[in-house]
Every structure is written in structure tokens, then in C-alpha cells.
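# Results of the structural survey
Spelled out from the first residue to the last, the chains are:
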Amino acid sequence: MTVTLGFAIRGFGGTIPLAYQYVPLLVSALLLGVPHGAVDHLVLPRSRGKPITRRSLAFVGGLYLLIGGGYAFVWFLSPALAFALFILVTLLHWGQGDVYALVELTDASHLSTRRIRASTALVRGGLPMVIPLVAFPEQYRFVAATLIGAFDPRAVGALDWVFTPEVRLAVAVGFGLLIATTLGAGYRRAVRTDGVRPWLIDAGETLSLFAYFGLVPPILAIGLYFPLWHSLRHILRTMLLDDVAASALSDRSTGRAFWRFTRDAAPLTAGAFIVLGAVALAVPETPTTVPDAVGVYLVFIAVLTLPHVVVVSLLDRQLDLWSPQRLSRSGT
Ligand SMILES: CC1=C(/C=C/C(C)=C/C=C/C(C)=C/C=O)C(C)(C)CCC1
Ligand SMILES: [Fe+2]
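Residues numbered from 1 in each chain as written. Chains lettered and ligands numbered in written order. Predicted model: local features only at pLDDT ≥ 70, side-chain atom pairs only at ≥ 80, totals over all residues.

It is worth spelling out the overall build of the protein at this point. When you go through the protein residue by residue, the secondary structure sums to 15 helices and zero strands. Relative to the globule expectation of 20 Å for 332 residues, the C-alpha radius of gyration of the protein, 20 Å, shows essentially globular dimensions. Along the first, second and third principal axes, the C-alpha set of the protein runs to 55 × 50 × 35 Å. Evaluated residue by residue, the protein yields a buried proportion of 39% over its 332 residues. Here the analysis covers contacts within the protein between residues at least 6 apart in sequence; of these, 78% occur between residues at least 24 apart. (Helix = DSSP H or I, 4+ residues; strand = E, 2+ residues; numbered from the N terminus. Rg over C-alpha atoms; globule rule 2.2 N^0.38 Å. Buried ≥ 20, exposed ≤ 12 C-beta atoms within 10 Å, placed from the backbone. Contact = placed C-beta atoms within 7 Å.)

Next comes the structure, spelled out in C-alpha cells:
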């Protein structure tokens, strides 16, 4: 389906005006995208079967203030470095989300070691972050320049070397090898552990996303992937941690589960817009066009993502997601 969508969009690709390509990304501010992190203050106690206390709220609040605030500062100090960090963190975070889904939802026995989980995370996160660099360098560079230029127009050229054909070729070869070796190692394990079906799901998703990001211009591709792939999967994860939403899901009452999620996420989604306003006011170059506004939105996402990754990593630890040997020994 993803590939068909890719070809369909490729067909119209040249004819979709740039302003329209931004629409899904803008919509994600309200639908699924920003809300997926707006329950961060609830998920850790829920995952431990503990009540939500002032202390637990203060912990997540402090995390956002300290880590988000510190990283916001880096955007002013060195926007090019902050942008590179944003790409790296997104790669790791989106990869970690997919490894969770594979391990917990498809019971992937081919991902039984820490090493193959780590390389699978790099593959999955690399699909949206690396392939557009190879396939659509102009749009990638344009978005990078918008974000960096909002802080320091003189720094927009700092990453130009990344977009040269030589570097892109090296990245393409390296990433291609990583995909091939990761899927190859997974297949050998899958055959040994009688788990070819989950491996087929993994490989099928990987190749579909590969084609999708190779075909669809990245502003549009990421604008759809972020809410509909990454965020939706994470929202499902948060629902499974919440007794009320989980029982609604087991009754096949998806609407009730989403209503519960919406209520949980609404206050901090609204709160996030205050942060967005603050970012818009604080950037030295006031945004005047759609791309500039989206640039500010992405910087805002970047600042919120770093503390969000800490929360999700703590959730992962709860599951021993990154130390699978311990998981099988404890028998859980
Ligand atoms: C839009 C876009 C880009 C970056 C998007 C990023 C980095 C989004 C991150 C979102 C996060 C971290 C969401 C939270 O989970 C690129 C790659 C520069 C290419 C051009 C289009
Ligand atoms: Fe996330």
C-alpha cells in the first residue's frame, strides 16, 4: 500500500505545489503528531502500575524544561549543529519506535539480540532521515536552510558538503549495506527460530518504506509518515499502557480508546502551542512564508522531541527492549 501511494504521489509529484506538500506536516501539529507526545506525563507511572503523582508530573516537567530548554539554547549557539543533532535524534527515535512495534506487536523472534535490534533501529530510522538525502537533496537542503537560517542566515552553508554527490553516494552505499546485512542476519535467525512470518513483515515494511521515501518528496513524505506511522504506533503503545483505553481496545471499541487518548492528550497539546508561540517569537528571523512557519514548527518539534525520547527510552527500559537476553531469562 505504501508503495502504491508512493507511485501515485510520484505520478503527480512534479505537479503538487510546494505549499500543498506542507499541508500534512501542518495538520500533524494538531492531529496525531504533537498529541503523541502530549501524554508523556502519564505513561511512565501507568507502565509501572503506579498512580500519577505530583512527583511523577514534576519529573517529566523538569525533564522537558531542562533537556528541551538546554537544546533550545543550542539552536541559538550553533543552528547547524542543532539541525544535525535533530536529524540524528529523529533517526534514533523513529527507529526505536519501530523496534518496539516489531518486538511487542509482531513477536519478532529474529530480533533476539541487542545488536540486531540496534541495527534494525538504524535501518528503520534511516529510511525517513537518510533516503531523502540521497533521493531529494534539493528539498532536504532547502528545509535545512530554512531551519538554520531562522537563527543565523550566515550559517546556512555550513552543511553544504553533506549534499555533494560524493557524500550522498557514500551514504547510499553505506545505508544500502546496512539494510542488506540487517535483513540478511534477521533472515538467518528467523529460519533458525521458526519465525519467518514476523521477518517477512519486517522486510516487507522496510522495503515499502524504502520505496516510499525514495519516490515521494520528503516534506510530503515525512508530513504523512510522522502522524500516520510513527505517532499512530506510539499512540497505540500508550493506549495499551492505560487500563481504560486498553479495555476499550480489547472490546474493539477503537472510538472509545481514541476519545480517552484525546482527553489525556488535549491539555498538553494546547500547552505545546504556547511553546510554539514562544519559539516563533524567539527566533531571530521572524517567519513570513509557509516554509518559514513550518521551519519554526520543526524547531519546536525538535525541542520537544529530545525530552520525549528520554521518556520513551525509559518505557523501553521497562520492557528490557534493549537487553533481550535478560528478557528471555526472566521468562517474561
Ligand atoms: C520535514 C523534512 C525533514 C525533517 C523532518 C524531521 C527531522 C522531523 C522530525 C520530527 C520528529 C522528531 C517528530 C517526533 O517524533 C528533512 C529530513 C530535513 C527533509 C525535508 C523534509
Ligand atoms: Fe515519538
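Taking the numbering used here, the UniProt-annotated feature "transmembrane region" (unreviewed entry) corresponds to residues 20-44, 56-77, 83-103, 169-187, 207-229, 265-283 and 295-315. Strand forms 0% of residues 169-187 and helix 100%; the C-alpha atoms that close the span are 27 Å apart. Between the C-alpha atoms that bound residues 265-283 the distance is 27 Å, and the span itself is 95% helix and 0% strand. (UniProt positions renumbered as here; feature names shortened; annotations may be inferred.)

Looking now at helix 4 (residues 40-47). Turning to helix 4, its buried residues number three or more, namely Asp40, His41, Val43 and Arg46. If you follow the buried residues of helix 4, they end up packed against helix 5 (54-77), helix 11 (218-241), helix 13 (254-282) and helix 14 (290-318). Phi turns positive, to about 70 degrees, at glycine 49, one or two residues after helix 4.

Before going further, it helps to spend a moment on the UniProt feature "binding site: Fe cation" (unreviewed entry) in the protein. Here the UniProt feature "binding site: Fe cation" (unreviewed entry) sits at His36, His93, His230 and His234. Spatial clustering of the annotated residues is evident: they stretch over 199 residues in sequence, but the largest pairwise C-alpha distance comes to 13.1 Å. Within the element layout of this structure, histidine 36 appears in the loop between helix 3 (23-27) and helix 4. Residue histidine 36 is classed as buried on the basis of its C-beta count, with 26 C-beta atoms lying within 10 Å.

Scored by pLDDT, the protein has a mean of 94; 93% of the residues are at 70 or more. This complex was scored by the predictor with a pTM of 0.94 and an ipTM of 0.97. (pLDDT = per-residue confidence, 0-100.)

Around ligand 1 lies a shell of 18 residues, among which Thr90, Val143, Pro218, Ile222 and Thr305 are the nearest. Broken down by secondary-structure element, the contributors of at least two residues to the shell around ligand 1 are helix 6 (79-105), helix 7 (114-135), helix 8 (137-151), helix 11 and helix 14. Residue contributions to the shell around ligand 1 peak at five residues, all from helix 11. Considering only residue class, the shell around ligand 1 consists of 13 nonpolar, five polar and no charged. (Near = placed C-beta within 6 Å. Nonpolar A, V, L, I, M, F, W, Y, C, P; charged D, E, K, R; others polar.)

Negative phi values dominate among residues other than glycine, just as trans dominates among peptide bonds. Positive phi, close to 65 degrees, is recorded for aspartate 194, a residue that is not glycine. You can see aspartate 194 is positioned in the loop between helix 9 (165-192) and helix 10 (196-215). For aspartate 320, which is not glycine, the phi dihedral falls at a positive 55 degrees. Looking at the secondary structure, you find aspartate 320 in the loop between helix 14 and helix 15 (324-330).

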